[in-house]
Amino acid sequence: MTAASGERLWRQVLAAYTTDQHSEWDREQLLALGAAELAHARSSEGHPATAEEVQRIGLQEFGLLIGINQARTALRERRARHR
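Residues numbered from 1 in each chain as written. Predicted model: local features only at pLDDT ≥ 70, side-chain atom pairs only at ≥ 80, totals over all residues. Heavy atoms only, no water.

Remarks on a positive patch on the surface
Where we set the bar: Residues enter patches when they are more than 30% accessible in relative terms and free of salt bridges; like-charged ones are connected within 9 Å and nonpolar ones (Val, Leu, Ile, Met, Phe, Trp, Tyr) within 5 Å. Note on areas: these come from Shrake-Rupley sampling with a 1.4 Å probe, and a residue is covered only by the protein chains present in the view. Salt bridge, as applied in this entry: a Lys or Arg side-chain nitrogen positioned within 4 Å of an Asp or Glu carboxyl oxygen. Positive charges come from Lys and Arg alone, negative charges from Asp and Glu alone, with His and the N- and C-terminal ends not counted. Charged side chains are reduced to one point each, which is NZ for Lys, CZ for Arg, CG for Asp and CD for Glu. By definition, any uninterrupted DSSP run of H or I lasting at least four residues is a helix, any uninterrupted run of E lasting at least two residues is a strand, and each is numbered from the N terminus.
The grouping of Arg-72, Arg-76, Arg-79 and Arg-83 at the surface amounts to a positive patch. Positionally, Arg-76 belongs in helix 4 (residues 68–81).

Set out below in structure tokens:
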């Protein structure tokens, strides 16, 4: 992921969190992806982020209950973006 695409993601996450410009489904997807990014950034070396960590961060940081399947999907998408 380039710096520009990372910045774009965080702009989208911020917009999803603070405005109603996205549909509810898109909003949840963007916030889940943001939670996956944070989970990855906060994980220690050799310990990949887990779906449970994505769920915890989603609730703590965004006030969003993320289902386990949605958390796993967000982690997969995050990994795909960083290849």
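Examining helix 3 (residues 51–62)
Note the following rule: How far a helix is expected to stretch is found by multiplying one less than its residue total by 1.5 Å. Burial classification: accessible surface area is computed with a 1.4 Å probe over protein chains only, and a residue below 20% of its type maximum counts as buried, one above 50% as exposed, and the rest as partly exposed. To obtain the arc, one takes the directions from the helix axis to the C-beta atoms.
The end-to-end C-alpha distance of helix 3 is 16 Å, a good match for the 16 Å that 12 residues give at a rise of 1.5 Å each. Turning to helix 3, its buried residues number three or more, namely Ala-51, Glu-53, Val-54, Ile-57, Gly-58 and Phe-62. Down the axis of helix 3, the sector holding all buried residues measures 150°, keeping them to one side. Immediately beyond the C-terminal end of helix 3, within one or two residues, lies Gly-63, with a positive phi of roughly 65°.

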